[in-house]
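Breakdown of the fold
Each chain, letter by letter, is given below.
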Amino acid sequence: MSTQAIVSYDSISPFARGDGVETRLMIGRERVENPPFTTGTTVFPVGMKAPMHSHNCDEQVTVLEGRALAEVAGVQTELGPMDTSFIPADMPHRFLNIGDTPLKILWIYAAAEVTRTFTETGETVPHLSSGDKV
């Protein structure tokens with residue numbers, strides 16, 4: 001494993017999250033030795049959303065394509081292309097596709113080891129594991 005990486009987006013196999021939602025891990029410990037962050041994209045079909053959840057680390061989410069409703073700590077904000085957000089660790093949030101085209105987001109986690117805790121059940125799973133579904 002290397003301390004550096006150049007990654008062609010098209011070479012990344014998508015991780016199926018359920019209901020047509022797909023995530024691509026761009027940079028993380030699977031590609032780079034001891035990365036200070038984890039980053040990738042998620043695409044939500046029209047009408048789809050992530051469940052309310054939180055992470056063990058800070059997160060930045062930028063809308064690349066489409067329209068989103070960001071719900072962070074109970075506050076809802078509409079976002080469009082290149083709008084961005086900062087979500088502190090352990091803060092409940094989710095993104096919903098409110099447009100008429102797919103929603104593509106870029107996410108950056110401030111950690112190499114990332115977990116997701118589902119607000120509704122309290123269950124915590126490793127990021128992009130078999131339990132990390134929508």
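The rules behind each value
Residues numbered from 1 in each chain as written. Predicted model: local features only at pLDDT ≥ 70, side-chain atom pairs only at ≥ 80, totals over all residues. Heavy atoms only, no water. Core = buried A, V, L, I, M, F, W, Y, C linked by side-chain atoms within 4.5 Å. Buried < 20%, exposed > 50% of the residue type's maximum accessible area, 1.4 Å probe, protein only. Helix = DSSP H or I, 4+ residues; strand = E, 2+ residues; numbered from the N terminus. Contact = heavy atoms within 4.5 Å. Pairing = 2+ DSSP bridges. Axes fitted to C-alpha atoms, helices over the stretch in contact; angles between N-to-C directions. Salt bridge = Lys/Arg side-chain N within 4 Å of Asp/Glu carboxyl O.

Quick look at the nonpolar core now. With 21 residues, the main nonpolar core has Phe44, Phe95 and Ile105 as its most contacted residues. Mapped onto this core, the elements with two or more residues apiece are strand 2 (21-27), strand 5 (59-65), strand 6 (68-72) and strand 10 (103-109). Counting residues per element, this core draws most heavily on strand 10, at four residues. Ignoring anything within four residues of it in the chain, the contact list for Ile105 reads Gly40, Thr41, Thr42, Phe44, Val61, Thr62, Val63 and Leu64.

Let's shift gears to the pairing of strand 1 (residues 15-18). Along any regular strand, the residues point their side chains to alternate faces of the sheet. With three bridges connecting them, strand 1 and strand 2 associate as antiparallel partners. For Phe15, the partnering residue across the bridge sits in strand 2 and is Thr23. The turn linking strand 1 back onto strand 2 is made up of two residues, and Asp19 within it adopts a positive phi angle of 55 degrees.

Let us now look at the sheet that holds strand 8 (residues 84-87). As summarised here, the arrangement of the six strands in space is 1-2-3-10-5-8, forming an open sheet in which the pairing is antiparallel. Edge positions in the sheet fall to strand 1 and strand 8, since each has one partner strand and no second. Averaged over neighbouring strand pairs, the angle between their axes works out to 25 degrees when direction is ignored.

With that settled, consider the pattern of salt bridges. The tally for this structure, following the rule as stated, stands at five salt bridges. The closest approach of N and O atoms between Arg29 and Glu113, which form a salt bridge, is 3.0 Å. Of this pair, Arg29 sits in the loop between strand 2 and strand 3 (38-44) while Glu113 is found in the loop between strand 10 and strand 11 (115-118), placing the two residues 84 residues apart along the sequence. Assessed through its relative accessible area of 41%, Arg29 is described here as partly exposed. Between Arg116 and Asp132 there is a salt bridge, with the nearest N and O atoms lying 2.4 Å from each other. With Arg116 in strand 11 and Asp132 in the segment after strand 12 (124-126), this residue pair connects regions lying 16 residues apart in the sequence. With a relative accessible area of 5%, Arg116 lands in the buried category. Here the salt bridges share partners, and the residues they tie into one network are Arg17, Arg116 and Asp132.

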